[in-house]
Amino acid sequence: MGRGNREEEQAKSFATKLIHFEGAYDTATGASSVPLYQASTFHQADVEAGQTYDYTRSGNPTRQVLEDYIAQLEGGVRGFAFASGMAAISSAFMILSAGDHVICTEDVYGGTYRLLTTIMNRMNVETTFVDMTDLEQVKAALRPNTKAVFIETPSNPTLRITDIGAVVQWAKQHELLTMLDNTFMTPYHQRPIELGVDIVLHSATKFLGGHSDVLGGLAVVASEELGRRMKAIQNGMGNVLGIQDSWLLMRGMKTLKARMDAHEQGARRLAEWLAGRSDISAVYYPGLPNHPGRAIHEKQSKGYGAVVSFDVGSGKRAKRLMDKVTIPLVAVSLGAVESILSYPPLMSHAAMPKEVRAERGITDGILRYSVGLEDIEDIIADLDQALAE
Ligand SMILES: *Cc1c(COP(=O)(O)O)cnc(C)c1O
């Protein structure tokens, strides 16, 4: 549908690829956006011949453009669009079989933790959670039946950094499948396939969609073989992204770079402002000079992202701040045009026992700020009044 061959497409800079992807306009009519093929089935003029599209669960031209789009942006071989981030992540785990063992980062997204500990365990897939910032812990978790390593970096909410290249290099020596949740960075800032990761996963609900109006998940694989397996899983499980949502997601993705640049400018300013206050006991942002993972992060990512976490010292103070802020949504989720303030102890990490939370820096005073596109000085003034005693 597009112009130029695959090599030419790859050579384009990221900003250009975001706008001029294959299928970005309709070659039949010249229409400036992907047509919505709102159809569940396709007429078969010759039932013996077979055709590209026969039923929308198995393939749909609108969804296909999105799947090719994310594969191109991540530098992978094939992309898949799912009904949510968790649908994408759970589908990737379906590559495993009963009896297999997974090594997973301990501060993984709560939904992934729940999937592994309440569903995959019943399928007889066992998981060991380790502090993945420490390669020795990863190595020590290896068992004869270990089949996969699941990475998430930066992690949530304390933005800890895993050395992707180091983990992948070790995993390859042991023929382990590597999967990475790239939601916080997006392919604009971090392209794990270029670092050797096998499957990249996204909650497209966050930065890729970018407007808090669509739920979706994406997966990109690094080889044709994995592509065939993921395709069979997606078709077999039937957890595909709908046509309208596929379109909406592409609409959001076109502005990814412009949004990420602006988000990050704000997040850096916010992190510095918070770090300069004596009444904030900790600020977590990979762009701060004292962030323990900063050097590793800079080696593998082109940006620091839009999420800043900070500790106001107590649960009481955190709740007061949430009552007094006027700009952000106080909500779960992140990565949208509007700022979103989350309270991990009662939201994303509520299921985690208090002692475990404390060990991971998730104190009662911690808040997570996803910086939106409002004027950063307004965001700061709003926080300043909310923090005043
Ligand atoms: C939100 C999120 C998910 C889950 O995605 P859904 O679209 O909500 O299913 C997975 N990983 C990370 C890092 C997330 O932030």
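Keep in mind that what you see is a predicted model, and the values were worked out from it rather than measured. (Residues numbered from 1 in each chain as written. Predicted model: local features only at pLDDT ≥ 70, side-chain atom pairs only at ≥ 80, totals over all residues. Heavy atoms only, no water.)

## As for helix 3 (residues 61-74)
Its 14 residues give helix 3 an end-to-end C-alpha distance of 20 Å, which sits within 8% of 20 Å, the value for a rise of 1.5 Å per residue. Among the 14 residues in helix 3, 12 count as buried, and that is most of the element. Of all the positions in helix 3, only Pro61, Thr62, Arg63, Val65, Leu66, Glu67, Tyr69, Ile70, Ala71, Gln72, Leu73 and Glu74 are classed as buried. For helix 3, the capping residue at the N-terminal end is Asn60, with a side-chain oxygen 2.8 Å from the backbone nitrogen of Thr62. Gly75 lies just past helix 3 and shows a positive phi near 70°. (Helix = DSSP H or I, 4+ residues; strand = E, 2+ residues; numbered from the N terminus. Expected span 1.5 Å × (residues − 1). Buried < 20%, exposed > 50% of the residue type's maximum accessible area, 1.4 Å probe, protein only. Polar contact = N/O pair within 3.5 Å; in protein donor to acceptor, adjacent residues only side chain to side chain.)

## Some points on the domain arrangement of the protein chain
Per the domain assignment, the segments making up the protein chain are domain 1 (6-253) and domain 2 (256-387). Each of domain 1 and domain 2 was reduced to a C-alpha centroid, and the two centroids are 26 Å apart. The interface of domain 1 with domain 2 comprises 34 residues on the first partner and 40 residues on the second. Buried area between domain 1 and domain 2, both sides added, is near 3100 Å², and the carbon and sulfur share of it is 61%. (Domains from an automatic or database assignment. Contact = heavy atoms within 4.5 Å. Buried area = accessible area lost by both parts, 1.4 Å probe.)

## Some words on the side chain of Ser84
You can see Ser84 is positioned in the loop between strand 1 (78-82) and helix 4 (85-93). Those residues in contact with Ser84 that sit more than four places away from it in its chain are Leu215, Gly216 and Gly217.

## Quick word on the site of the ligand
With respect to spatial proximity, 14 residues lie near the ligand, and among them Met86, Asp181, Ser203, Thr205 and Lys206 are the closest. A distance of 2.6 Å separates a nitrogen atom of the ligand from a polar atom in the side chain of Asp181. Note that an oxygen atom of the ligand is positioned 2.8 Å from one of the side-chain N or O atoms of Ser203. Taken by itself the ligand offers 380 Å² of open surface, and the protein chains cover 92% of this. A majority-of-atoms criterion places the ligand in the largest pocket. Ranked by residues supplied to the shell around the ligand, first place goes to helix 4 with 3 residues. Taken together, the residues that form the shell around the ligand break down as 5 nonpolar, 6 polar and 3 charged. (Near = heavy atom within 4 Å. Areas by Shrake-Rupley, 256 points an atom, 1.4 Å probe, with all protein chains shown as cover. 1 Å grid on protein atoms, 1.4 Å probe; cavity = no way out; pocket = protein on both sides within 12 Å on 5 of 7 lines; lining within 4 Å. Sits in = over half its atoms within 2 Å of the grid points. Nonpolar A, V, L, I, M, F, W, Y, C, P; charged D, E, K, R; others polar.)

## Structural notes on empty space enclosed by the protein
Under the defined criterion, the tally for this structure stands at 1 cavity of 30 Å³ or more. Considered as a void within the structure, the largest cavity measures approximately 40 Å³ in volume. Tallied by class, the residues present in the lining of the largest cavity amount to 3 nonpolar, 1 polar and 2 charged. (Points joined across faces, edges and corners; volume = space filled by probe spheres on them.)

## Some remarks on the pattern of salt bridges
The final tally for this structure, using the stated rule, is 21 salt bridges. One salt bridge in this structure joins Arg320 and Glu389, with 3.4 Å as the shortest N-O distance. Of the two residues, Arg320 sits in helix 13 (residues 315-324) while Glu389 sits in the segment after helix 15 (376-387), which places them 69 residues apart along the sequence. Assessed through its relative accessible area of 30%, Arg320 is described here as partly exposed. Between Asp364 and Lys354 there is a salt bridge; the shortest N-O distance is 2.5 Å. (Salt bridge = Lys/Arg side-chain N within 4 Å of Asp/Glu carboxyl O.)

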